[in-house]
Amino acid sequence: MLNHVKQYFTCDAKRAKDAALSLLPVIGWLKIYRLKEWLLSDIVSGVSTGLVAVLQGLAYCLLASLPPWYGLFSAFFPVISYFFLGTSRHISVGPFPVLCLMIGSVVTRLVPDEGPPTNITGFEGLTRDEQRVLVASSVTFLTGIMQLAMGLLQVGFVVMYLSDTLVSGFTTAAAIHILVSQLKFVLGLQVPGLSGPFSIIYTLEIIFNKITSTNVCDVVISLVIMVVVFIVKELNDRFKSKLPVPIPIEVIMTVIACGISYALDFKTRYGIDVVGHIPKGYEPPMAPNLHVFQETAVEAFPMAIVGFAVAFSVAKVYSVKHDYTIDGNQELIAFGVSNIFGATFRSFAASTALSRTAVQESTGGKTQIAGLLSAVIVMIVTLAIGFLLEPLPKSVLGAVVIVNLKGMLMQFREIPYLWRRDKPDCVVWLGTCIAAILLGLDLGLAAGLGVELLSVVLRTQFPRCSLLANIKGTDIYKDRKDFIDVYEPEGVRIFRIPSPIFFANIEFFRTKLVEAVGFNPLRVLRKRNKALRMIRKLLKAGDLQWTSTNLSSSRAAYILEKLHDCCFFDAEVQPSMFFLTLHDAMLHIQEKHPQLAEKKFDYEKILTKVTVHYPGGNLRNRDRTVCIH
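Not measured: the values here are computed from a predicted model. (Residues numbered from 1 in each chain as written. Predicted model: local features only at pLDDT ≥ 70, side-chain atom pairs only at ≥ 80, totals over all residues. Heavy atoms only, no water.)

Peer 1: So what exactly am I meant to see when it comes to the overall build of the chain here?
Peer 2: Looking only at helices and strands, the chain features 28 helices and eight strands. Over its C-alpha trace the chain gives a radius of gyration of 32 Å, far above what one expects of a compact globule, namely 25 Å for 629 residues. Dimensions along the principal axes, computed over C-alpha positions, put the chain at roughly 100 × 65 × 55 Å. Looking at the chain residue by residue over its 629 residues, the buried ones come to 47%. Accessible surface, the chain as shown: approximately 32,500 Å² in total, 63% of it carbon and sulfur. (Helix = DSSP H or I, 4+ residues; strand = E, 2+ residues; numbered from the N terminus. Rg over C-alpha atoms; globule rule 2.2 N^0.38 Å. Buried < 20%, exposed > 50% of the residue type's maximum accessible area, 1.4 Å probe, protein only. Areas by Shrake-Rupley, 256 points an atom, 1.4 Å probe, with all protein chains shown as cover.)

Peer 1: Quick question: what am I supposed to make of unusual backbone geometry here?
Peer 2: Backbone geometry follows two general trends: most residues other than glycine have a negative phi, and most peptide bonds adopt the trans configuration. Phi at S65 is positive, roughly 60°, even though this residue is not glycine. Looking at the element boundaries, S65 is found in the loop between α4 (35–63) and α5 (70–74). In the Ramachandran plot, D265 falls in the positive-phi region, its phi being about 55° despite a non-glycine side chain.

Peer 1: Please clarify how the packing of aromatic side chains should be interpreted in this entry.
Peer 2: For any pair of aromatic rings, the description rests on two quantities: the centre-to-centre distance and the angle between the ring planes. Per the stated rule, a full pass over the model turns up 21 aromatic pairs. Both rings, one in F73 and one in Y282, keep their centres 5.5 Å apart while their planes meet at 45°; by these two values the pair is tilted. Pair noted here: F73 is in helix α5 and Y282 is in the loop between α13 (266–270) and α14 (290–321), with a separation of 209 residues, a long-range link. On the basis of an interplanar angle of 90° and a centroid distance of 5.4 Å, the ring pair of F502 and F503 is categorised as edge-to-face. You can call F502 partly exposed: its relative accessible area is 31%. For F503, a relative accessible area of 73% gives the class exposed. By the ring-pair criterion, three or more aromatic residues cluster together here, those being W69, Y70, F73, F76, F77, Y282, F341 and F345. The lysine or arginine in question, R89, covers the ring of Y324, its NZ or CZ lying 4.5 Å from the ring centre. Note that K423 overlies the ring of W419, its terminal NZ or CZ placed 5.1 Å from the centroid. (Phe/Tyr/Trp six-rings, centres within 6.5 Å; stacked < 30°, edge-to-face > 60°. Lys NZ or Arg CZ within 6 Å of the ring centre and 35° of its normal.)

Peer 1: Sorry if this is basic, but what is going on with the UniProt feature "domain: SLC26A/SulP transporter" (unreviewed entry) in the chain here?
Peer 2: UniProt's feature table lists "domain: SLC26A/SulP transporter" (unreviewed entry) at residues 39–432, given in the numbering used throughout. Along residues 39–432 the backbone is 67% helical and 1% strand, and the end-to-end C-alpha distance reaches 43 Å. (UniProt positions renumbered as here; feature names shortened; annotations may be inferred.)

Peer 1: Would you take a moment to explain the packing of α4 against helix α17 (residues 369–385) for this structure?
Peer 2: With their axes 7 Å apart at the nearest point, α4 and α17 run at an angle of 45° to one another. With respect to α17, the axis of α4 lies oblique. For α4 against α17, the interelement crossing comes out right-handed. Listed contacts from α17 to D42, I43, S45, G46, V47, T49, G50, L51, A53 and V54 of α4 are I369, A370, L373, S374, I377, V378 and V381. Considered class by class, the residues forming the contact of α4 with α17 number 11 nonpolar, five polar and one charged. (Axes fitted to C-alpha atoms, helices over the stretch in contact; angles between N-to-C directions. Parallel < 35°, antiparallel > 145°, perpendicular 65-115°, else oblique. Left-handed = near helix turned anticlockwise from the far one by under 90°. Contact = heavy atoms within 4.5 Å. Nonpolar A, V, L, I, M, F, W, Y, C, P; charged D, E, K, R; others polar.)

Peer 1: Please explain empty space enclosed by the protein as it appears in this structure.
Peer 2: A probe as big as a water molecule, rolled over the atoms, marks out the empty space that is left. A complete count under the given rule lists three cavities of 30 Å³ or more for this structure. What the largest cavity holds in volume is close to 60 Å³. If you tally residues by element for the lining of the largest cavity, the top one is helix α9 (residues 164–187), at four residues. Class assignment for the residues of the lining of the largest cavity results in eight nonpolar, one polar and no charged. Volume-wise, the second largest cavity comes out at about 40 Å³. Taken together, L468, A469, N470, Y487, E488, P489, V492, R493, I494 and M586 form the lining of the second largest cavity. The dominant element in the lining of the second largest cavity, judged by the number of residues it contributes, is strand β3 (residues 466–471), at three residues. (1 Å grid on protein atoms, 1.4 Å probe; cavity = no way out; pocket = protein on both sides within 12 Å on 5 of 7 lines; lining within 4 Å. Points joined across faces, edges and corners; volume = space filled by probe spheres on them.)

Peer 1: What is the right way to look at a nonpolar patch on the surface in this model?
Peer 2: A cluster of nonpolar residues, L194, F198, I201, Y202, L430, I434 and L438, forms a patch on the protein surface that exposes about 570 Å² of accessible area. Contributing elements (two or more residues each) for the nonpolar patch: α10 (199–209) and α21 (423–439). Topologically, L194 is positioned in the loop between α9 and α10. (Patch = residues over 30% accessible without salt bridge, like charges linked within 9 Å, V, L, I, M, F, W, Y side chains within 5 Å. Salt bridge = Lys/Arg side-chain N within 4 Å of Asp/Glu carboxyl O.)

Peer 1: Sorry, what's going on with the environment of S313 here?
Peer 2: Looking at the element boundaries, S313 is found in helix α14. In this structure, the C-alpha to C-alpha distance between S313 and V167, residues 146 residues apart in sequence, is 9.9 Å. Here A309 takes part through its backbone oxygen, which lies 2.8 Å from a polar atom of the side chain of S313. (Polar contact = N/O pair within 3.5 Å; in protein donor to acceptor, adjacent residues only side chain to side chain.)

Peer 1: Is there a simple way to think about the pattern of salt bridges in this case?
Peer 2: Opposite charge on two side chains permits them to pair, given that their charged atoms come into close proximity. Counting across every chain of the model gives 17 salt bridges. Here E299 ties to R109 by a salt bridge, and the two come within 2.7 Å at their closest N and O atoms. A residue pair is termed long-range when its members are at least 10 positions apart, and E299 in helix α14 and R109 in helix α7 (residues 97–110) qualify at 190 residues. Relative accessible area serves as the criterion here: at 11%, E299 is assigned to the buried category. Relative accessible area serves as the criterion here: at 33%, R109 is assigned to the partly exposed category. Taking the shortest distance from any N to any O, the salt bridge between R459 and D422 comes out at 3.0 Å. Taken as a pair, R459 in helix α22 (residues 441–461) and D422 in the loop between α20 (414–421) and α21 lie far apart in primary sequence, 37 residues in all. Under the relative-accessibility criterion, R459 is labelled partly exposed at 34%. Salt bridges sharing partners connect three or more residues here, namely R421, D422, D425 and R459.

Peer 1: Teacher, can you tell me more about the confidence of the model for the chain here?
Peer 2: Residues shown with low pLDDT carry predicted positions that ought not to be read at fine detail. For the chain, per-residue confidence averages 84 on the pLDDT scale, and residues scoring 70 or more make up 90% of the total. Across residues 600–629, where pLDDT falls below 50, the model places 75 contacts with residues more than four positions away in sequence or in other chains. (pLDDT = per-residue confidence, 0-100.)

The structure is reproduced here in structure tokens:
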């Protein structure tokens with residue numbers, strides 16, 4: 001142990017280099033960067049992604065219940081940090097609608113649209129928007145601290161507890177929340193932001209009560225934007241192999257809407273709510289509010305998990321596609337630092353948006369240089385040309401958000417497939433989705449995890465036991481209910497329980513085993529002494545042999561060792577009764593009791609791999625042709 005400790009704390013040039021490469025993955029891929037082959041592609045991808053990031057930053061900021069231009073901060077600062085610390089070369093870091101909605105629920109809880117804000121030290125003298133920005137940046141800072149701590153503690157494996165089924169159900173519920181939250185912009189209604197259990201129902205109630213006050217111009221603009229964007233996106237998907245880059249239809253429609261809104265003065269003429277004044281430049285750094293930490297710690301943890309889980313899942317897809325590796329713990333560190341750094345400059349929690357990442361990869365992005373260039377585009381808008389977006393109707397942003405929900409909403413199609421494939425998984429999907437819709441995203445995620453863990457316990461405690469039978473002409477054994485032409489020697493039952501046996505399922509195992517063998521176990525108990533005498537006789541005669549070394553299956557070396565450690569074996573029950581495969585056991589039974597096979601099965605030749613027991617020697621595998629009777 002002392003040698004291990006000494007080696008762990010020893011520092012040399014190689015370990016220092018490995019540590020630097022681990023903490024700064026940018027060094028690794030910059031060394032292999034192909035300047036002539038990749039630079040142009042990264043430039044094209046960076047410009048395309050940057051334009052989308054500007055629009056999504058403004059749009060997703062509405063979900064966080066913040067002034068739109070703060071979304072530009074979230075599309076800039078986290079990207080800079082991730083460029084140096086992230087291991088994925090393709091994801092586009094920035095606002096993610098689900099996280100924005102989770103932040104929005106915290107913001108509206110502490111600083112509601114109607115009524116006084118929560119009594120928090122540091123709110124004095126601030127406007128409502130400034131209070132909301134303080135809350136959003138503080139909870140983002142806390143989320144970053146949690147992600148950084150998990151990364152440093154090497155607990156990136158926690159994402160495994162969020163199964164694909166749970167994440168799918170959760171993001172589908174989030175899409176419904178996002179859809180409802182954008183209705184007020186699409187319809188041009190004044191609806192206060194609500195949070196907490198059943199807030200979605202209360203929001204819909206308010207919308208329906210105010211439906212007669214709908215702004216027709218907002219509705220027309222939204223419908224036109226949604227129809228055009230949807231059609232062009234479908235064309236992009238259908239002809240993506242022929243198009244050099246996807247048509248940036250959201251950007252095009254935004255520019256057109258800005259121009260028309262400015263020319264016709266939509267705000268004055270039709271009372272349309274527009275983005276309004278966008279300040280130039282960046283605001284000075286700001287310290288987080290510790291009182292907000294205390295109020296939002298419960299919400300910050302699921303944000304940290306969800307933000308990392310989504311980003312890691314997307315990064316894993318593209319790393320497999322482009323043949324490179326990503327490190328989950330380093331990704332936690334990268335997003336933790338990015339959120340801490342961004343929160344200092346008033347941005348909110350960052351992850352990755354699937355649509356934006358798809359743009360970055362499909363337009364030829366090879367590395368995070370494309371991401372860095374997209375941040376440059378966002379910076380140019382923030383510093384120089386942001387004023388051009390001031391007449392943009394918020395209904396346009398709401399329509400863009402709704403159209404981009406298509407992928408998440410289409411996950412409803414998974415329900416029939418899940419029901420056919422795995423009913424417990426389908427229950428997890430439905431339970432997570434319904435709980436997240438009704439209780440809110442934070443409580444819904446907790447409820448979904450509870451349902452998932454309960455399904456794991458039930459699968460383990462009440463597994464699907466089965467009786468196996470031999471498929472004729474092979475050495476394969478399958479559930480006899482699934483096949484017709486199978487072979488079962490008389491007097492032999494092969495019982496399978498696909499779960500570890502422990503205190504919670506031992507009674508279930510015993511019951512199912514008794515049902516499978518089809519007789520009263522008390523009879524076995526009465527005959528036990530007679531059977532033990534027979535075993536002793538066989539062992540003495542050399543008919544049963546055990547070889548303790550050179551087993552052909554490392555797993556069977558392992559199981560026997562565990563049984564030895566548990567004192568399972570004694571003078572009567574010895575390792576010689578165990579076989580490496582089912583087929584070995586079956587062949588042994590047939591060899592010792594040929595009359596069992598003669599009653600039901602004709603002679604057939606089977607080419608198989610058999611473990612042959614040599615008395616006094618080792619277990620050896622060799623190919624041979626045997627006749628099963």
